[in-house]
Amino acid sequence: MMPLAQMADAVLRTGDGREKTALSRKLAAEWRAAREGGAAPEIGTATPPLHPARPAKPELLSPRDVPRRRPGSPQGRIALLHAVAHIELNAVDLHWDIIARFTDVPMPMGFYDDWVKAADEESKHFNLMCDCLEELGSHYGALPAHAGMWRAAEDTADDFMGRLAVVPMVLEARGLDVTPGMIDVFRKAGADSAVAALETIYAEEVAHVAYGSKWFHFMCGRDNLDPKEAFHGLVQRYFHSPLKPPFNEEKRAEAGLPPDFYWPLAVAD
């Protein structure tokens, strides 16, 4: 079995979305089997690319240039599913990247268990969205997508705690806020497959936010830092806009994010 950091690097260097997620799920299963067998596999080291390999399509545009479509129309619902698929593919790379990029930071084995599991689930989420798109006669890559999704990774490439703060505790927490509204859109349209897929994503993303909070608090404890102050400072440094309410306070609390972490960073409503 290859060291975990090299597994992560291999996923990051695979371009096609379905191939990337197939490799991701295969390697996650190998890791899980080794851990369940009582092994402590080697973490190793890697030199991951600053930008992961990606398919030739979708065309990546500035956020302001991505066409806006009303979710009440079939075309709008396809666009919404395509946007979620793009987010999930980025999430696959983000979760393997944190494993490959920060091997200089000594972490307990449970950290790697959590992020391998998260990467595996994000791979499943991408495939669920692709299945929904194909059911509607479309596919991932058929529409342009947001070019800014990888910016958080670039900005925090040298800051492990910054990565934990911005990716799971801000970006993925935002998913908890907006997913219930998306589920309602597809429920009203009678799109049962999309509803089931988004409900799966919604349920599993809580744990991904919780992994971020858990290991962020672990690092703060190790370095004798106040977690709330550290979080505020890192988000203000690396996240380039205020947080936007309304917040899903119940699910955020379930994930270990109390209101005094995010409300002080919010734009005035």
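A. Up close: the packing of helix α6 (residues 160-188) against helix α8 (residues 227-238). At a minimum axis distance of 9 Å, the contact between α6 and α8 shows a crossing angle of 85 degrees. Put simply, α6 runs roughly perpendicular to α8. Mapping the contact onto sequence places Met-161, Gly-162, Ala-165, Val-166, Met-169 and Val-170 in α6 and Phe-231, Leu-234, Val-235 and Tyr-238 in α8. When its residues are assigned to classes, the contact of α6 with α8 shows nine nonpolar, one polar and no charged.

B. Expanded view of the nonpolar core. The biggest cluster of nonpolar side chains holds 78 residues, and the ones touching the most others in it are Trp-96 and Phe-216. Setting aside chain neighbours within four positions, we find Phe-216 in contact with Met-161, Leu-164, Ala-165, Met-169, Pro-227, Ala-230, Phe-231 and Leu-234.

C. View of the environment of Arg-25. If you trace the backbone, Arg-25 turns up in helix α2 (residues 17-36). For the pair Arg-25 and Thr-14, spaced eleven residues apart in sequence, the C-alpha to C-alpha distance is 13 Å. Beyond its immediate chain neighbours, meaning those up to four positions away, Arg-25 contacts Asp-120, Ser-123 and Lys-124.

D. Looking closely at the side chain of Glu-204. Within the secondary structure layout, Glu-204 lies in helix α7 (residues 192-223). The contact partners of Glu-204, leaving out residues within four places of it in the chain, are Glu-121, Lys-124 and His-125.

E. Region of the structure containing unusual backbone geometry. For the bond from Lys-57 to Pro-58, the omega torsion is 15 degrees, close enough to zero to count as cis. When you line up the elements, Pro-58 lands in the loop between α2 and β1 (60-61). Along the chain, Pro-245 connects to Pro-246 via a cis peptide bond; the corresponding omega equals 5 degrees. Within the secondary structure, Pro-246 sits in the loop between α8 and α9 (249-254). The backbone of Asn-224 shows a phi angle near 55 degrees, a positive value even though the residue is not glycine.

F. Quick look at the packing of aromatic side chains. Considering all chains together, one arrives at twelve aromatic pairs under this definition. For the pair Phe-111 and Tyr-112, a centre-to-centre distance of 5.1 Å together with 85 degrees between the ring planes defines the contact as edge-to-face. Residue class for Phe-111 comes out buried when judged on its relative accessible area of 2%. Classification of Tyr-112 as buried rests on a relative accessible area of 4%. Geometrically, the ring pair formed by Trp-215 and Phe-218 is edge-to-face, given 5.2 Å between the ring centres and 70 degrees between the ring planes. Within this pair, Trp-215 and its partner Phe-218 are both found in helix α7, separated by three residues, close to a single helical turn. Judged by its relative accessible area of 7%, Trp-215 falls in the buried class. A residue is classified by how much of its surface remains accessible, and Phe-218, at 29% relative accessible area, is partly exposed.

What counts as what
- Residues numbered from 1 in each chain as written.
- Predicted model: local features only at pLDDT ≥ 70, side-chain atom pairs only at ≥ 80, totals over all residues.
- Heavy atoms only, no water.
- Axes fitted to C-alpha atoms, helices over the stretch in contact; angles between N-to-C directions.
- Helix = DSSP H or I, 4+ residues; strand = E, 2+ residues; numbered from the N terminus.
- Parallel < 35°, antiparallel > 145°, perpendicular 65-115°, else oblique.
- Contact = heavy atoms within 4.5 Å.
- Nonpolar A, V, L, I, M, F, W, Y, C, P; charged D, E, K, R; others polar.
- Core = buried A, V, L, I, M, F, W, Y, C linked by side-chain atoms within 4.5 Å.
- Buried < 20%, exposed > 50% of the residue type's maximum accessible area, 1.4 Å probe, protein only.
- Phe/Tyr/Trp six-rings, centres within 6.5 Å; stacked < 30°, edge-to-face > 60°.

Purely geometric numbers; function is a separate question.
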